[in-house]
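# Commentary on secondary and tertiary structure
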Amino acid sequence: MGWKKTPRAPELGTTAREFGMKKFDGNARLSTGWDGLRKDIDLWSPNGNCLVHLHGRGQSRRGPALRLAVDTLLAADCQPLLQRFLSPVEYKSLFPDTGSEATSELTHAVNFELYIPAPASGGQAFLYHTATRNFFAWIFGKSLVGSHLGGALVGLLNSMNEFRSPGEDNVSKMLDYMDKEGYFDMRNCPDHALAVLFFAEHFHFKDLWTDAFAHCVGMNEKLIASPGFEHISRTSRALITRSRLEMDMRLDACGRKMSTFLFDDLSDAHLGLSTGARAHLDKFRSFLHSYYIAKLGYYPPTPSDAPNATFPKSISRQMCTEFQKLYDYLVDKSFTSTNPIPLTQQGGICVLQNVQSFDQRNKYPSLEYPLPRLPELEKSLSLKGRISKHFSFPRRHKLTPNPRLVTFAAMSKATNREDPVLEACTLVRAYRGFEKDCIFNPNRADKNDKLSQSDARKVRWILIYSTLQTLLAATKVPYQVRDTHNVQYNLCVLTAGCPPWNERPLKTLLRSQTDQVWEDYEMSQKKPQAFDSPLDRVEIKPDIDYHAITHRPQHRRTRSESTVSAIISRNGTVRRALSTLGNMPELHHPRPHRISYHEILVHGYGNGTNSVHISGGESPLDSDATTSSRKLSEISRSSSSEGLSSRWSHTSDERRETHSPTTTVSSDYRRDSVESLDMSKKSIKEYLEQPMSACGLARIPSSIYSTNEFGEELTLAPAPLLVEKGLEV
């Protein structure tokens, strides 16, 4: 007998590989394989006076896995942890009196040992010790480990709630830790975005969920490659896909509108303007187009052959910033949409009605201030004109001001030029130059239209307001999103109907570390189906195998009915596809018996090889032969018509029933009249001028051909309605 070998326990490395354990370095945005539960070098301090054993006292000969400082544990308010896993003697040495604080001299002089057993064994014990290790990693500011980052964050908050003193603000400490470790930096990082989304959805943190959701929507095409994608709920996946589709469609629509500066949205169908006002609107639109050509080099910034009209994100944000400043330069902040319309805004073009109609059509939230500032020039001039008509004053030798200067001063006064930030905007300066040119250098059309300066300001304001609303729809980011700079993708997602859950108290969502480990272990056993690539998820097969159609073998036509049945039986793909649309009658038409060769005979000319003799008289025998031939022709034609109607019972197109002239030819056929030859030529000409068949490729053959060399009459019915393999419709 020899020594009996005991079964060897599985190594920790094997368990770590089974669970796919990784260490997540948030600041470096790097995840590496991790197998440090036996001895974690990140949590091993040479000067530490507290040894942490990841097993019960006396249950294993393994050494400590962690070496820490007790004073750091006390500073983190971990008294429940120490009370639970320290020996009573060591705990009393730290806290001599119940409720008193530990002395600093004792914490440095004595070595302590924590024995933390797992409530289960196997995989559950491994996950429990990993969660315990993450709790110490939070205390000492180290990176988390786990199968996916979201699960590690959820487990950490549960551990903090269990091992820290009651009344501590664990949520704020948790968020500070995530920010410090870089887990909150979700820009261009699908792993972080999915982890934060999973964490926020688990504990129902609404603002945090919206922040992560916006980044997930922007990086939708990259999420499937992240290990955290399979752990988020199906509802969140559906919302991400739906929001991305909606955002792409909205950006494409905004790009098409901005390419023409809302030419269709502000057309006569939606905006009723006079001829002069419409001409001024087109002039201002041309000014904006020329401005952005000079600024960007070309406009619109998307090529005409691009798959969509979405503007680049940087250009959309730049244009939105400029139009926002132009809006602030002209807006009248003394009026809101809830106030009655002031007297200065009444008369002429109704700005409020037009901008509200634009917002309702496009479902945009209305801006707080919908009206512009207007000059007070017209009223003062009209008042002076009425006074001068009734009263005469002696002329004074005083220089009268230039009306154009007065108008320009009134237009400049009706702005918010006090803000130097607005004056620094290039679009605002260009707009001031445009107004100045309209006053001092009006063209002939402006003089003929006689559009007042107030109405001209209103027309320009309608285009500015509408353009700003369109650009805001393409660039506005939810206020919950914190980091928006240095982001390559769009974040202008709509959060209506989100998040997909109602808020609940946090204490109802927290659980013990043991319960969380059991849940994580059960989820790990439900391994999702593995796919080599996203395209392997669904096998896509066409309803019609076009490759088989184009490469099918060429079969010679035969008269066998069994061959036709074999061809139809092999062609069941389209029939199965059409069966989903309902029961459809199936047509079966027999193929006619048709010889592969026959002579081409023309009335009066024969077959082109035998000589034809034309005589002046006709013998009784020839007359009888001709009469009998004509009778056979009529009988055959009637029978062919009946067969045609019986076989083509599902069509009613009479254009298919064209007939060729009756032709009865024999090698020794003679006619004694030149007039009959002319009639034959005329009949041939009429036949050649008849319309083509439905296919447009060949004329419909006649029902009666000549007799063959055996003296048998050839009766040919129309081609039957047969469906060859792959050609069904």
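Below, the structure is looked at part by part. (Residues numbered from 1 in each chain as written. Predicted model: local features only at pLDDT ≥ 70, side-chain atom pairs only at ≥ 80, totals over all residues. Heavy atoms only, no water.)

## Some details on the pattern of salt bridges
What counts here: Note on definitions: salt bridges are taken to be side-chain nitrogens of Lys or Arg within 4 Å of carboxyl oxygens of Asp or Glu. For helices the rule is a DSSP run of H or I covering at least 4 residues; for strands it is a run of E covering at least 2, with both sets numbered from the N terminus onward. Note on classification: 1.4 Å probe, protein chains only; a residue is buried when its accessible area is under 20% of the maximum for its type, exposed when over 50%, partly exposed between these limits.
Summed over the entire model, instances satisfying the criterion amount to 19 salt bridges. Between Arg 256 and Asp 252 there is a salt bridge, with the nearest N and O atoms lying 3.0 Å from each other. Of this pair, Arg 256 and Asp 252 both sit in helix H11 (residues 234-259), four residues apart, which is roughly one turn of the helix. On the basis of relative accessible area, Asp 252 is assigned to the buried category, the value being 17%. A salt bridge links Arg 278 to Asp 268, with the nearest nitrogen and oxygen atoms 2.8 Å apart. Remark: Asp 268 occurs in the loop between H11 and helix H12 (275-296) and Arg 278 occurs in helix H12; sequence separation between them is 10 residues. Exposure remark for Asp 268: the relative accessible area of 58% places this residue in the exposed category. One salt-bridge network, held together by shared partners, links Arg 29, Asp 185 and Arg 187.

## Description of the sheet that holds strand E3 (residues 50-53)
This is how it is decided: Each pair of strands is called paired provided DSSP finds at least two bridges between the two strands. Lines fitted to C-alpha atoms define the axes here, with helix axes fitted over just the stretch in contact, and angles between the N-to-C directions of these axes take values from 0 to 180 degrees.
One open sheet accounts for three strands, arranged E4-E3-E5; its pairing is mixed. Two strands bound the open sheet, and with one partner strand each, they are strand E4 (66-68) and strand E5 (112-115). Averaged over all pairs of adjacent strands, the angle between their axes in this sheet comes to 20°, without regard to strand direction. With three bridges connecting them, E3 and E4 associate as antiparallel partners. Within E4, the position partnered with Val 52 by the bridge is Leu 66.

## As for the sheet that holds strand E1 (residues 22-25)
Taken in spatial order, the three strands line up as E2-E1-E6 in an open sheet, and their pairing is antiparallel. What marks the edges here is a single partner per strand, and that holds for strand E2 (30-33) and strand E6 (144-146). Going from strand to strand, the sheet's axes swing by 25° on average, the running direction of each strand aside. The sheet contact formed by E1 and E2 spans four bridges and is antiparallel. Looking across to E2, one finds that Lys 23 is bridged to Thr 32.

## A look at the packing of helix H13 (residues 313-330) against helix H18 (residues 426-440)
Our working rule: The labels follow the angle: roughly parallel below 35 degrees, roughly antiparallel above 145, roughly perpendicular from 65 to 115, and oblique for the rest. Crossing handedness: left-handed means the near helix sits turned counterclockwise from the far one by under a right angle, and right-handed means the same turn made clockwise. Between two residues, a contact is recorded if the distance between any of their heavy atoms is within 4.5 Å. Gly counts as polar in this scheme, as do all residues outside two lists: the nonpolar Ala, Val, Leu, Ile, Met, Phe, Trp, Tyr, Cys and Pro, and the charged Asp, Glu, Lys and Arg.
It is at 8 Å that the axes of H13 and H18 come closest, and there the two elements cross at 50°. Classified by the angle between their axes, H13 and H18 sit oblique to one another. Where H13 crosses over H18, the handedness of that crossing is right-handed. Here Glu 322, Phe 323, Lys 325, Leu 326, Tyr 329 and Leu 330 of H13 come into contact with H18, specifically with Thr 426, Leu 427, Val 428, Tyr 431 and Arg 432. Broken down by class, the residue content of the contact of H13 with H18 amounts to seven nonpolar, one polar and three charged.

## Concerning the environment of Thr 321
The residue Thr 321 is located in helix H13 in this model. Accessibility expressed as a relative area gives 42% for Thr 321, which makes it partly exposed. Taking the C-alpha atoms as reference, Thr 321 lies 9.1 Å from Leu 471; in sequence the two are 150 residues apart.

## What to know about the packing of helix H10 (residues 206-218) against H11
Angle between the axes and distance between the axes are the two parameters that describe a pair of packed helices. It is the contact of H10 with H11, at a shortest axis distance of 9 Å, that shows an interaxial angle of 60°. Regarding the angle of H10 to H11, the classification is oblique. The two elements H10 and H11 cross, and the hand of that crossing is right-handed. Counted together, Trp 209, Phe 213, Cys 216, Val 217 and Gly 218 of H10 and Ser 236, Leu 239, Ile 240, Ser 243, Arg 244 and Met 247 of H11 form the full contact between these two elements. Counted by class, the contact of H10 with H11 contains seven nonpolar, three polar and one charged residues.

## Regarding the packing of aromatic side chains
To keep it simple, the criterion reads: Centres within 6.5 Å are what make two rings of Phe, Tyr or Trp a pair, Trp counting through its six-membered ring; a difference in plane orientation under 30 degrees is then read as stacked, over 60 as edge-to-face, and the rest as tilted. Whether a charge sits over a ring comes down to the Lys NZ or Arg CZ being within 6 Å of the ring centre and within 35 degrees of the ring normal.
In total, this model carries 26 aromatic pairs according to the counting rule given. A connected cluster of aromatic rings, assembled from ring pairs, spans Phe 261, Tyr 291, Tyr 292, Tyr 299, Phe 311 and Phe 323. Looking at Lys 39, its charged tip hangs above the ring of Trp 44, at a distance of 4.4 Å from the centre. Over the face of the ring belonging to Phe 229 we find Arg 237, whose NZ or CZ atom lies 5.0 Å from the ring centre.

Shape descriptors only; they carry no functional weight alone.
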